[in-house]
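Descriptive analysis of the structure
Listed below, chain by chain, are the residues.
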Amino acid sequence: MFSLVKWKDEYRIGVDEIDEQHKKIFEIANEAYELLKNEFYYDKYDRIIELLEELKDYAKFHFSFEEDYMLSIRYKGYFSQKVAHDNFIDKVNSFDLNAIDENQDQYILEILDFIVDWISQHILISDKKIVAQ
């Protein structure tokens, strides 16, 4: 399996459980990439919906854990993180399911762009600040 994004040590924030949870987000991105590249799927709609649900459900689980951790260490940036997490869920919820059916590969690319941007902007920048406070 080719992967779009590979976990590297630079993504570690230094909290083992959070780092393990972040790896799952990479897995979901790579599942989406594999779906995009799979020429044997004529209709990818159902799998796209499954991936969006998996992303949303996992994000809710992960964000809840991460937010509890931030509260436990009295992290000063908690509220900005909470807003970013809520915006992530809102974005996943905002994908137009009817439009996805019309242009499936384009929507997979949008989902991938969104996840890769989240990894580079949120994990590498915002989440790293949690342990650096």
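Please read all numbers here as calculations on a predicted model, not as lab measurements. Each chain carries its own residue numbering, running from 1 in the direction its sequence is written. This being a predicted model, a pLDDT of at least 70 is required before a residue's local features are given, and a value of 80 or more before pairs of side-chain atoms are given or counted; all residues contribute to the totals for chains, interfaces and linings. As a rule here, side-chain values come from all non-hydrogen atoms in the structure, and water together with hydrogens is ignored.

A word on the side chain of H122. Secondary structure elements follow DSSP: runs of H or I of four or more residues count as helices, runs of E of two or more count as strands, with numbering from the N terminus. Residue placement: H122 occurs in helix 5 (residues 104-132). Residues adjacent in sequence count toward polar contacts only when both atoms are side-chain atoms; beyond that, a polar contact is any pair of N or O atoms within 3.5 Å, and within protein one must be able to donate a hydrogen and the other to accept it. At 2.8 Å, the side chain of H122 and the side chain of Q81 are in polar contact. Contacts of H122, omitting those with residues within four sequence positions, involve E66, Q81, A84, H85, D117 and D127. Contact criterion: two residues are considered in contact whenever any of their non-hydrogen atoms come within 4.5 Å of each other.

One simple way to see leftover space: roll a probe sized like a water molecule over the atoms. Cavities and pockets are found on a 1 Å grid laid over the protein atoms alone: a cavity is a set of points where a 1.4 Å probe fits but cannot escape, a pocket is an open set with protein on both sides within 12 Å along at least five of seven lines, and a lining residue has an atom within 4 Å of such a point. Grid points are joined across faces, edges and corners, and a volume is the space filled by probe spheres set on the points. Enumeration over the complete set of coordinates arrives at one cavity of 30 Å³ or more. Estimated volume of the largest cavity: approximately 30 Å³. At the level of secondary structure, the elements contributing two or more residues to the lining of the largest cavity comprise helix 1 (16-37), helix 2 (45-72) and helix 5. As a working rule, the residues Ala, Val, Leu, Ile, Met, Phe, Trp, Tyr, Cys and Pro are called nonpolar, Asp, Glu, Lys and Arg charged, and the rest polar, with Gly in that last group. A per-class count over the lining of the largest cavity returns six nonpolar, no polar and no charged.

Attention now moves to the side chain of Q104. Assignment of secondary structure puts Q104 in helix 5. The class for Q104 is buried, based on a relative accessible area of 12%. The residues touching Q104, leaving out its near neighbours within four places in the chain, are Y42, D43, K44, Y45 and I48. Type-normalised accessible area, obtained with a 1.4 Å probe on protein chains alone, sets the label of each residue: buried when under 20%, exposed when over 50%, and partly exposed for intermediate values.

In an α-helix there are 3.6 residues to a turn, and that puts residues three or four apart on one side. Expected span, for any helix, means 1.5 Å times one less than how many residues it has. Compared with the 40 Å implied by 1.5 Å per residue over 28 residues, the 40 Å span of helix 2 between its first and last C-alpha is a close match. Looking at the residues trailing helix 2, positive phi occurs at R74, about 55°.

With that settled, the discussion passes to the nonpolar core. Across soluble globular proteins, nonpolar side chains show a tendency to be buried alongside one another. To define a nonpolar core, start from buried Ala, Val, Leu, Ile, Met, Phe, Trp, Tyr and Cys residues and group those joined through side-chain atoms within 4.5 Å. By size, the foremost hydrophobic cluster in this structure holds 32 residues, and its most contacted members are F88 and I115. At the level of secondary structure, the elements contributing two or more residues to this core comprise helix 1, helix 2, helix 3 (78-94) and helix 5. Here this core gets nine residues from one element, more than from any other, and that element is helix 5. Not counting chain neighbours up to four residues away, the residues in contact with I115 comprise I25, I28, A29 and L55.

The next subject is the environment of F63. Position of F63 relative to the elements: it lies in helix 2. By relative accessible area, which is 5% here, F63 ends up buried. Among residues more than four places away in sequence, those in contact with F63 are H85, F88, I89 and W118.

Our next topic: the packing of helix 1 against helix 2. Every angle, taken between N-to-C directions, lies between 0 and 180 degrees, and every axis is a line fitted to C-alpha atoms, over only the stretch in contact when it is a helix. Look at helix 1 against helix 2: their axes get within 10 Å of each other, and the N-to-C directions meet at 165°. When the axis of helix 1 is compared with that of helix 2, the two are roughly antiparallel. Read as a crossing pair, helix 1 and helix 2 show a hand that is left-handed. On helix 2, the residues that touch E17, I18, Q21, H22, K24, I25, I28, E31, A32 and L35 of helix 1 are R47, I48, L51, E54, L55, Y58, F61, H62, F65, E66 and Y69. An angle counts as roughly parallel when it lies under 35 degrees, as roughly antiparallel when it exceeds 145, as roughly perpendicular when it falls between 65 and 115, and as oblique in every other case. When the near helix sits turned anticlockwise from the far one by under a right angle, the crossing is termed left-handed; a clockwise turn instead gives a right-handed crossing.

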